[in-house]
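# Survey of secondary and tertiary structure
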Amino acid sequence: MKKIDEYSYQCGIMDCFSEMVKAGLKKIALAHPTKTKEAREVYVPFAKEICEQYHISYYLDDEPLISDLFPMHMNLNTYNIIFYKNAEDIKEYELLKKLKKEAITNNSYETIRYEIAYRFGKLLSYSDDTINTYIKDNNEKEY
């Protein structure tokens, strides 16, 4: 079997998720996060090209939402590219990040942490069962 280089692999993932966003199968889609902004920048020209092809948009996320949906290490201190078709979906993502930040400041995060993870899962177009399974099986939640 021929070995696939990392750049081509990541571009293939972005292409697939972008087509899913275009088709309305996903509201938003996440590329694989990178550990540095410079590493993410390598993929931005491809993200721009694929978004033009599929008539969707991308969002450069320097502070990914950490929620109970995914193990914390997957997105903590990383940089990502998010693909979306409708502006209201990326605004919802930004709102979730804001709600979390405000809840932490007000010491009320425990009361809304499930809601934030659930709404994040819905933005990713996961089913209720999938969201609940991801949250339940996540053994690496924030504090």
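As a starting point, this report considers the structure included with it.

What counts and what doesn't
Residues numbered from 1 in each chain as written. Predicted model: local features only at pLDDT ≥ 70, side-chain atom pairs only at ≥ 80, totals over all residues. Heavy atoms only, no water. Helix = DSSP H or I, 4+ residues; strand = E, 2+ residues; numbered from the N terminus. Rg over C-alpha atoms; globule rule 2.2 N^0.38 Å. Contact = heavy atoms within 4.5 Å. Areas by Shrake-Rupley, 256 points an atom, 1.4 Å probe, with all protein chains shown as cover. Buried < 20%, exposed > 50% of the residue type's maximum accessible area, 1.4 Å probe, protein only. Phe/Tyr/Trp six-rings, centres within 6.5 Å; stacked < 30°, edge-to-face > 60°.

Helix and strand content of the protein chain: six helices and three strands. Taken over the C-alpha trace, the protein chain has a radius of gyration of 15 Å; the compact-globule value for 143 residues is 15 Å, and the two agree within 12%. Its C-alpha atoms give the protein chain principal-axis dimensions of roughly 45 × 30 × 30 Å. A separation threshold of at least 6 residues defines the contact pool for the protein chain, and within that pool the share at least 24 residues apart is 71%. Working note: accessible area of the protein chain is about 8500 Å², and carbon and sulfur atoms make up 54% of it.

For His55, which is not a glycine, the phi torsion comes out positive at approximately 60°. Tracing the backbone through its elements, the reader meets His55 in the loop between helix H3 (44–54) and strand S2 (57–61). Among the residues examined, His55 registers a relative accessible area of 65% and is labelled exposed. A positive phi angle, near 65°, is found at Ser125, a position not held by glycine.

Attention shifts here to the packing of aromatic side chains. Each aromatic ring pair is summarised here by two numbers: the centre-to-centre distance and the angle between the ring planes. Counted by the stated rule, this structure contains eight aromatic pairs. Between Tyr59 and Tyr93, the ring centres sit 6.1 Å apart and the planes meet at 80°, which makes this aromatic pair edge-to-face. One end of the pair, Tyr59, is in strand S2; the other, Tyr93, is in helix H4 (residues 87–105), with 34 residues separating them in the sequence. The residues Tyr59 and Tyr93 share a single accessibility class, namely buried. Taken together, a centroid distance of 6.0 Å and an interplanar angle of 90° make the contact between Phe70 and Phe120 edge-to-face. Placement of the pair is Phe70 in the loop between S2 and strand S3 (80–84) and Phe120 in helix H5 (residues 109–123), with a sequence separation of 50 residues. Put simply, the rings of Tyr59, Phe70, Tyr93, Phe120, Tyr126 and Tyr134 pair up and form one aromatic cluster.

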